[in-house]
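# Close look at the chain arrangement
The primary structure of each chain is shown beneath.
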Amino acid sequence: MEHRALIFTVHKAASLGVYDVMRRIARREGWPLHSANIKTPNLREPEAPGDENFYHQLDGKTGLVGPVRYPVLIPDDARESDRFILHLRDPRDVLVSMFFSYVYSHPGVDEEWRQRQIERGVDEFVRSESKNLIKRYDLYANEYLSLPNLTFLRYEDFIADRPSWLEKLLNGLGVNDGLKRYRRLANDNPAAKVKKEDK
């Protein structure tokens, strides 16, 4: 891969599932992978939305980058040369998922904070956390949607229509005839499989 492709998203939009897809594509295509998710991370996550220093660590690097869970400021030269994938989920669903994940299942959450959130409830959590999330979505909407090499993907398609989602991703990455070569990956969607007890 002679170019660089960055995949941006948010928390609670299947970012680890997206990472798994990226990892498998990078391995098959022989592309470098730069991610905070690999066992020995070779990518620093942005510190906050609009991080101006994030791009410096990519100087001279090609390959797949991400998933990056915060929008960053993109240098002018990268706007034209890099490819961008923006994978987003309905923000209302992100907020509800955050609540239930952080309160009931996410490891490493401070127990006092967790108990306060349970007492406040999902509605108050969504109201307070929406202020932070809107900053990310505003930055994505205002700075990313006009990028010339942007492919926009939806979490909802990642879950419900993986072949279509994957085809758009592969096209955005510049993989020709990708769906033919990635048929198995297109059909490998644990979220869409019906469990035995659901039959």
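Up top you'll find the structure we're talking about.
With their axes 9 Å apart at the nearest point, helix H3 (residues 91-105) and helix H4 (residues 111-120) run at an angle of 130° to one another. Considering the angle they form, H3 stands oblique to H4. By crossing handedness, the relation of H3 to H4 is classed as left-handed. Contacts between H3 and H4 involve Phe99, Tyr102, Val103, Tyr104 and Ser105 from the former and Trp113, Arg114, Gln117 and Ile118 from the latter. Of the residues belonging to the contact of H3 with H4, the class tally is six nonpolar, two polar and one charged.

Attention now goes to the sheet that holds strand E3 (residues 63-68). The strand order E2-E3-E1-E4-E5 describes an open sheet built from five strands, whose pairing is parallel. Sheet topology places strand E2 (33-34) and strand E5 (150-154) at the edges, where each strand pairs with a single neighbour. Across the sheet, helix H5 (residues 122-144) is in contact with strand E1 (4-8), E3, strand E4 (83-88) and E5; its angle to E4 comes to roughly 145°. Where helix H7 (residues 162-173) meets the sheet, its contacts fall on E1, E3, E4 and E5, and the angle it forms with E4 comes to roughly 155°.

Glancing now at the packing of helix H1 (residues 15-29) against H7. Any two packed helices are characterised by how steeply their axes cross, that is the angle between the axes, and by the distance between the axes. Following both chains from N to C, one finds H1 and H7 inclined at 55°, their axes separated by 12 Å at the closest point. Comparing their axes, H7 and H1 come out oblique. The two elements H1 and H7 cross, and the hand of that crossing is right-handed. Two secondary-structure elements touch here, H1 through Val18, Val21 and Ile25 and H7 through Arg162, Trp165, Leu166, Leu169, Leu170 and Leu173. Split by residue class, the contact of H1 with H7 holds eight nonpolar, no polar and one charged.

A word on the packing of aromatic side chains. This structure, assessed with the given rule, holds eleven aromatic pairs. Between the aromatic rings of Phe8 and Tyr140, the centroid separation amounts to 6.4 Å while the plane-to-plane angle is 65°, which identifies the pairing as edge-to-face. Residue Phe8 is found in strand E1, and its partner Tyr140 is found in helix H5; the two are separated by 132 residues along the sequence. Pair check on accessibility: Phe8 and Tyr140 agree, each one buried. These aromatic residues form a ring-pair network of at least three members: Phe99, Phe100, Tyr102, Tyr104, Trp113 and Phe125. One residue, Arg28, lies across the ring of Tyr182, its end atom 5.0 Å from the ring centre. Above the ring of Phe158, the side-chain terminus of Arg162 is found at 3.7 Å from the ring centroid.

Parameters and conventions
Residues numbered from 1 in each chain as written. Predicted model: local features only at pLDDT ≥ 70, side-chain atom pairs only at ≥ 80, totals over all residues. Heavy atoms only, no water. Axes fitted to C-alpha atoms, helices over the stretch in contact; angles between N-to-C directions. Helix = DSSP H or I, 4+ residues; strand = E, 2+ residues; numbered from the N terminus. Parallel < 35°, antiparallel > 145°, perpendicular 65-115°, else oblique. Left-handed = near helix turned anticlockwise from the far one by under 90°. Contact = heavy atoms within 4.5 Å. Nonpolar A, V, L, I, M, F, W, Y, C, P; charged D, E, K, R; others polar. Pairing = 2+ DSSP bridges. Phe/Tyr/Trp six-rings, centres within 6.5 Å; stacked < 30°, edge-to-face > 60°. Buried < 20%, exposed > 50% of the residue type's maximum accessible area, 1.4 Å probe, protein only. Lys NZ or Arg CZ within 6 Å of the ring centre and 35° of its normal.

Any functional reading would require information beyond the geometric quantities listed.
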